[in-house]
Amino acid sequence: MKQSILFALFSTLILVSTSLATDDLLVSVLATTDLHGALMPYDYGRGVEVPEIGLVKLASLVKARRRLDPHAILIDVGDTYQGNPMVHLANKDETLVDHPLVSAMNAMAYDVFVPGNHDFDYGLALLKRLKKQARFAFVAANAIDVKTKKPRWESYVIKEVNGVRIGIIGLSSPGIPGWLPKDNWKGLQFDGSIETVSRLMPKLRGQERCDIIVVAFHGGPTNRHNDGDPSINNGYELARKVKGIDLLLLGHTHQVVSAEQVGNTMIMQAGSYSHTLAEVRFRLKPYGDGYRVVRKSGRIFHNGANIPADDEVESLVRSYHEETVALMNTHLATVNKPMALAEAAYKDNELMDLIQQIQLDYTGAQLSVCSVFDPYVTIEGGVTLRHLFKLYPYENDLYAVEMTGKQIKLFLENAARAYKYENGQIGIADKFPLFNLDQLHGLSYRVDPRRPEGQRVLDLKENGRAVSDRKKYTVAMNSYRAGGTGGYDVVRGIPIIKKSDISVRDIIAQWLKKNGHVLVKKDNNWQIQKGAKDRFIPLVK
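Fair warning: this is a prediction, and the values are worked out from it, not measured in the lab.

Novice: What should I look at first to understand the overall build of the protein chain in this one?
Specialist: Each helix and strand counted, the protein chain has 14 helices and 33 strands in total. Computed over the C-alpha atoms, the radius of gyration of the protein chain is 24 Å, within 12% of the 24 Å expected from 2.2 N^0.38 for a compact globule of 541 residues. In terms of overall dimensions, the protein chain has a C-alpha envelope of 80 × 50 × 50 Å along the principal axes. Restricting the contact set of the protein chain to residue pairs at least 6 apart, pairs at least 24 apart contribute 76%. Summed over its atoms, the accessible surface of the protein chain is roughly 22,700 Å², and 49% of this surface lies on carbon and sulfur atoms. Measuring between centres, the 68 positive side-chain charges of the protein chain sit 3 Å from its 60 negative side-chain charges.

Rendered as structure tokens:
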């Protein structure tokens, strides 16, 4: 009965293939990326069902596609084991034998997993534990052990389907050393994508006799989020410079790329948070001792309310989900007034100032910086774990660094690039994510979005006096920002005075539990300069 229902549901999604010639062969590749732990169709931060997400539902789509091609290869391109409370709790529980996300991926018969940068957020010990349970290959050709000079995991895997040999190269993000504390990737170096694939291509085409070469790279097509080194997101360049890649699967930037063609290379990227599943189908003909690709097509399947959860996969994770939902209601503290981040990108905000003060208390620094991660956060009455995971979704550590007044000004000028000004309206630039919009606590300043970039920060002062370029300050900031990400090149290589041994989220939780009742207030230390008729474009609809 269930199979007939599934067939009916998916009949509108299934691409009916034209008849293949008797000597033609079909090879299918399915891909996910940037799942960020989205196993269930549920938002733990808001406590609501979300029908457009859930790996338990994508599992049904995978089964539907494998009814057309039972040998379809399934690849995940990374940033998988971080991003929501359920996987966070599983990651932190070292006694847990069966990690729910690995169990789900095993049940779905994944073939390949490429570790993304966020998969290193919990360190190499977690990756070792996950690999022990996994029945799929960990592949990262550019993650090199500095002692052995060899890849820590497999460089590539070969899958054979009806005599067709498919070589799959995995590439982790080259940006990891700049984003994460060294302890998280100790003993590794991360080579560039172009040099790594160029080195492996002759072997795969020659010695390994591959008919199809797939590269799964945890990087985007271009540097749209200004992650620093442009080689971090250089998918298009990789396809142009390295000939012979049949399929390039991308990730990291959370965008959807559907069947784009660069030369003879097809490029696909399956979005994020289990919203979508990518599929590429190759048609091959015999050629010499092997086969050659004569046609390929790609498409994106979307998750949604009409897609049922797969019973087998859901049964493996349901108890973890229910436990997590209950835990999210854990009370941490009460607050004296309602708080919301809806306008926090445009105005000083009580909740942002609370985070800044907690960071100052922990580090003992003079100043603090923090970004607005999610404008939809609202807190009224009590603060729970649910609020905290939505307020601070990442596994960043907290640093205290040393900066000069001049460096702080340059830092703020980069943050001010986030704003756009058009026809009397002030908004956030299209390619500037909120997690890169940092605000400073401890000095006063104004930002004028109407001025050219690099000249927008005005009246940077300390207690009413202009900040000296040469004066040194200690500044609290998270480990991600301290790596110079998001265009904040000015902090690369600056002195680090202190590092936390727990995450920023845990620091906030401990502070709230210790204080119990919190009197929140804002100091209005910064503001956006605008005309009387100028208006802010709302971030919350």
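And the narrative resumes.
Novice: Would you explain the sheet that holds strand 19 (residues 367-371) in this entry?
Specialist: One key point about sheets: their strands pair by backbone hydrogen bonds, in either a parallel or an antiparallel sense. Reading across the sheet, the five strands line up as 25-19-29-22-30 and stay open at both edges, with mixed pairing between neighbours. If you trace the sheet from one side to the other, it starts and ends with strand 25 (438-441) and strand 30 (496-503), each paired once. Adjacent strand axes in the sheet meet at a mean angle of 25 degrees when their direction is disregarded. Looking at chain direction, strand 22 (residues 397-404) and strand 29 (residues 472-478) are connected through seven bridges and run antiparallel. Its bridge partner being in strand 29, Val-401 is matched across the sheet by Val-475. The strands touched by helix 10 (residues 350-363) within the sheet are strand 19, strand 22, strand 25, strand 29 and strand 30, with strand 19 carrying the most contacts at an inclination of about 135 degrees.

Novice: Would you take a moment to explain the packing of aromatic side chains for this structure?
Specialist: Aromatic rings considered in pairs are described by the distance between their centres and by the relative angle of their planes. Under the defined criterion, the tally for this structure stands at 18 aromatic pairs. Between the aromatic rings of Phe-373 and Tyr-394, the centroid separation amounts to 5.3 Å while the plane-to-plane angle is 65 degrees, which identifies the pairing as edge-to-face. Taken together, the residues Phe-373 in the loop between strand 19 and strand 20 (378-379) and Tyr-394 in the loop between helix 11 (385-391) and strand 22 connect sequence positions 21 residues apart. Here the aromatic rings of Tyr-445 and Trp-526 are separated by 6.2 Å at their centres, their planes lie at 15 degrees, and the arrangement is stacked. Of this pair, Tyr-445 sits in strand 26 (residues 444-447) while Trp-526 is found in strand 32 (residues 526-528), placing the two residues 81 residues apart along the sequence. Residue classification places Tyr-445 among the buried positions, given a relative accessible area of 5%. Ring-pair connections join several aromatic residues into one group, and the members of that group are Tyr-81, Tyr-110, Phe-113, Phe-120, Phe-136, Phe-138, Trp-153, Trp-185 and Phe-190. Across from the ring centre of Tyr-362, 4.9 Å away, lies the NZ or CZ of Lys-498, which sits over that ring.

Novice: How should the sheet that holds strand 27 (residues 457-462) be read in this particular structure?
Specialist: Read from one edge of the open sheet, four strands run 28-27-26-32, paired in mixed fashion. In this open sheet, the two edge strands, each paired with only one partner strand, are strand 28 (465-466) and strand 32. Relative to strand 27, strand 26 is paired through three bridges, and the arrangement is antiparallel. In the sheet register, Arg-446 faces strand 27, and the bridge partner there is Leu-458. This element, helix 12 (residues 405-416), spans strand 26 and strand 27 of the sheet and lies at about 140 degrees to strand 27.

What counts and what doesn't
Residues numbered from 1 in each chain as written. Predicted model: local features only at pLDDT ≥ 70, side-chain atom pairs only at ≥ 80, totals over all residues. Heavy atoms only, no water. Helix = DSSP H or I, 4+ residues; strand = E, 2+ residues; numbered from the N terminus. Rg over C-alpha atoms; globule rule 2.2 N^0.38 Å. Contact = heavy atoms within 4.5 Å. Areas by Shrake-Rupley, 256 points an atom, 1.4 Å probe, with all protein chains shown as cover. Lys, Arg positive; Asp, Glu negative; His and termini not counted. Charge placed at Lys NZ, Arg CZ, Asp CG, Glu CD. Pairing = 2+ DSSP bridges. Axes fitted to C-alpha atoms, helices over the stretch in contact; angles between N-to-C directions. Phe/Tyr/Trp six-rings, centres within 6.5 Å; stacked < 30°, edge-to-face > 60°. Buried < 20%, exposed > 50% of the residue type's maximum accessible area, 1.4 Å probe, protein only. Lys NZ or Arg CZ within 6 Å of the ring centre and 35° of its normal.

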